[in-house]
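# Structural overview
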Amino acid sequence: MTTQNCAECGTRAEPGQSFCDACGAVLGWTDRTPARTAAASQSSGATSPAPAPAPAPAPAGTGTADTPAAPVDSDSEDTAENTLPPVPASDDTAPTEPVPAATAADAAPTVPTPEVAAADADAMNARARSLLVPVADPEARPTPPPSVSPVLPGRPVADRPQVRAPGPQQGDENGVPCPWCSTPNRPDRHYCTRCAMPMTRTEDSSARHRPWWRRVLDFRNRETPWAGDRPRLRRTFDRILTWVVAAAVLSLLIWVGVSAPGWVQATRDHFAKRAPVAPDQFTASRSYPGHKPDLLFDKVNNTWWGPGVTQSGEGQWIEARFAEPTRLLDLIITPGTSTRADQLSQSALPHRIKVTITTKDGRTTTRDLTLDQSAGGQRRAFRVGEVTKVRFTLESAYGASASKQVAIAEIEFFGRSSANSS
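Predicted, not measured: the structure shown is a model, and the values here were computed from it.

Rules of the game
Residues numbered from 1 in each chain as written. Predicted model: local features only at pLDDT ≥ 70, side-chain atom pairs only at ≥ 80, totals over all residues. Heavy atoms only, no water. Helix = DSSP H or I, 4+ residues; strand = E, 2+ residues; numbered from the N terminus. Buried < 20%, exposed > 50% of the residue type's maximum accessible area, 1.4 Å probe, protein only. Contact = heavy atoms within 4.5 Å. Areas by Shrake-Rupley, 256 points an atom, 1.4 Å probe, with all protein chains shown as cover. Phe/Tyr/Trp six-rings, centres within 6.5 Å; stacked < 30°, edge-to-face > 60°. Patch = residues over 30% accessible without salt bridge, like charges linked within 9 Å, V, L, I, M, F, W, Y side chains within 5 Å. Salt bridge = Lys/Arg side-chain N within 4 Å of Asp/Glu carboxyl O. Polar contact = N/O pair within 3.5 Å; in protein donor to acceptor, adjacent residues only side chain to side chain. Core = buried A, V, L, I, M, F, W, Y, C linked by side-chain atoms within 4.5 Å. Pairing = 2+ DSSP bridges. Expected span 1.5 Å × (residues − 1). Bend = angle between axes of the 7 residues up to and from the residue. Disulfide = S-S within 2.5 Å. pLDDT = per-residue confidence, 0-100.

Regarding its fold elements, the chain presents five helices and nine strands. Tracing the chain from N to C terminus, the helices and strands come up as α-α-α-β-β-α-α-β-β-β-β-β-β-β. Across the 422 residues that make up the chain, the buried fraction comes to 23%. Excluding contacts between residues fewer than 6 apart, the proportion of contacts in the chain whose partners are at least 24 apart in sequence is 64%. Carbon and sulfur atoms provide 55% of the accessible area of the chain, an area that totals close to 31,300 Å².

Following this line, the structure appears as structure tokens:
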């Protein structure tokens, strides 16, 4: 058998191959053509059969007539068409006749011409192509979801419980009301269908009508917590800490209540409009002739008061009195003999002054004032209430000498203006 290539794609085919490995086309039927031609020639010569040639005698010593024939080639494809003639039964008594040798014309098979073989191959290829029907590739079908969800073997999935809203369930006799939430229940129930509390309330009915202070102070007999509520754990340290915090809060509230009026008054004083306040009486420990203490409160700054002693005048004092208790806010002191700076060296200037304040209830408070060594009035905050008497005592002075005495030109008090009350 000769090797040929595919007529469709040109792929080389192996001997004995009928279809192409690349495109699947039929390669040809040329191998069976000689067999069919031989069969046709045998059928045409059946009317004049030729005597079958006798088999050649076997050489001596090689075997008898019963020796089996040679094996048939298994690769032959036309065994059904090329049938062998029947072999007559051997007879030992019949004489053996010599078999004439087969001629070369009888032994050679009939070979078709190339034109017939090519036409036969083209017809078979056309027939094979007509049998080939193009088929589209099948599309992948979606996998349908399983009708039953997979579960682990031996562990069936339990049905989900159906949640229903709590509500009253009427009994045969309209139900027994719950002592906690008054929901009607069946007579055979021991717990309420709505609040899950016991249907029998064992506490005394008089406890529900106790006064509020007994309910607050009763730390032992509290109401039973509802279902799902966890009561808070109470320890000894927690109770002690609670009492300490309560005492601190109570003390703070008391302190705020006591101090609140003072805070309110201080706020009003801070935003109040000032007005001058004149004392009703004046007195001093001693005075220099012609410079009496009333010159300190005459609203004129070119007059002055002096104790009449040299050096700092320590211990000398001057006092102002009010006929009615007066609330003072500010104080202005003008040191020296005048407000002019060129006259500061004519006298000693006060440095530290102790102020003694007496209120209407007789209580006395003391404050210290420190003045600057400068000309003009010096304002100082002086917030006191219900004052009846104020005393100024000299403690030290600037520029004190044996030829100078301390001089103060003016002292002015300021209180709350009457316009604030309106």
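Glancing now at the packing of aromatic side chains. Working definition: an aromatic ring pair is given by the centre-to-centre distance plus the angle between the planes. Here the structure, examined in full by the defined rule, presents six aromatic pairs. On the basis of an interplanar angle of 15° and a centroid distance of 4.9 Å, the ring pair of F282 and F297 is categorised as stacked. On the criterion of sequence distance, the pair formed by F282 in strand β4 (residues 281-284) and F297 in the loop between β4 and β5 (317-335) is long-range, its members being 15 residues apart. On the basis of relative accessible area, F282 is assigned to the partly exposed category, the value being 33%. Ring geometry for Y288 versus W304: centroids 6.4 Å apart, planes at 20°, classification stacked. With a gap of 16 residues between them, Y288 in the loop between β4 and β5 and W304 in the loop between β4 and β5 connect regions that are remote in the sequence.

Before going further, it helps to spend a moment on a nonpolar patch on the surface. Nonpolar side chains collect at one region of the surface, where F237, L241, V245, V249 and L253 lie side by side and expose about 500 Å² of accessible area between them. Relative to the helices and strands, V249 is located in helix α5 (residues 236-271). Here V249 falls in the partly exposed class, since its relative accessible area comes to 44%.

Before going further, it helps to examine the side chain of S338. Assignment of secondary structure puts S338 in the loop between β5 and β6 (349-359). For S338, the side chain forms a polar contact with the main-chain nitrogen of R340, separated by 3.4 Å. Aside from chain neighbours lying at most four places away, what touches S338 is N301, N302, Q343 and A409.

Another point: the nonpolar core. Of all hydrophobic cores here, the largest spans 27 residues; its most connected members are L328, V390, F392, I411 and F413. Secondary structure elements with two or more residues in this core: β5, β6, β8 (378-398) and β9 (408-416).

Two strands pair when backbone bridges link them, and β4 and β5 are joined in this way by four bridges, in the antiparallel orientation. Paired with Q281 across the strands is R321, a residue of β5. In terms of strand pairing, β5 meets β9 through seven bridges, oriented antiparallel. In the strand pairing of β9, L331 is matched with F413.

The full count for this structure, using the stated rule, is eleven salt bridges. Where R327 meets D269, a salt bridge forms, and the shortest distance between an N and an O atom there is 2.4 Å. Pair noted here: R327 is in strand β5 and D269 is in helix α5, with a separation of 58 residues, a long-range link. With relative accessibility at 0%, the residue D269 sits in the buried group.

Of all eleven residues in β6, nine are buried; the element is thus mostly enclosed. In terms of strand pairing, β6 meets strand β7 (residues 364-370) through seven bridges, oriented antiparallel. Counted as the bridge partner of R352 is T370 from β7. What sits between β6 and β7 in their antiparallel hairpin is a turn of four residues, with G362 showing a positive phi close to 90°.

The next subject is α5. The end-to-end C-alpha distance of α5 is 51 Å, a good match for the 52 Å that 36 residues give at a rise of 1.5 Å each. Bending of α5 peaks at approximately 40° at the position of S259, with proline P261 no more than four residues after it.

Moving on, we get to the state of the cysteines. Tallying each qualifying case throughout the model produces zero disulfides. C9 takes part in no disulfide bond, and the closest cysteine sulfur to it belongs to C20, at a distance of 3.6 Å. Sulfur of C195: no disulfide; nearest cysteine sulfur belongs to C181 and is 3.5 Å away. In this structure C195 comes out as buried when scored by relative accessible area, which is 10%.

So, about the side chain of D269. At 2.4 Å, the side chain of D269 and the side chain of R327 are in polar contact. In this structure D269 touches R274, R327, L329, R383 and R416, once residues within four positions along its chain are discounted.

Further remarks concern the confidence of the model for the chain. Atomic detail in the predicted coordinates should be set aside for any region of low pLDDT. The pLDDT averaged across the chain works out to 74; a share of 69% of its residues lies at or above 70. Within the chain, the lowest mean pLDDT, 44, falls on helix α2 (residues 104-107), and the highest, 93, falls on β6. Under a pLDDT of 50 for its full length, residues 31-108 has, in the predicted model, 21 contacts with residues more than four places off or in other chains.

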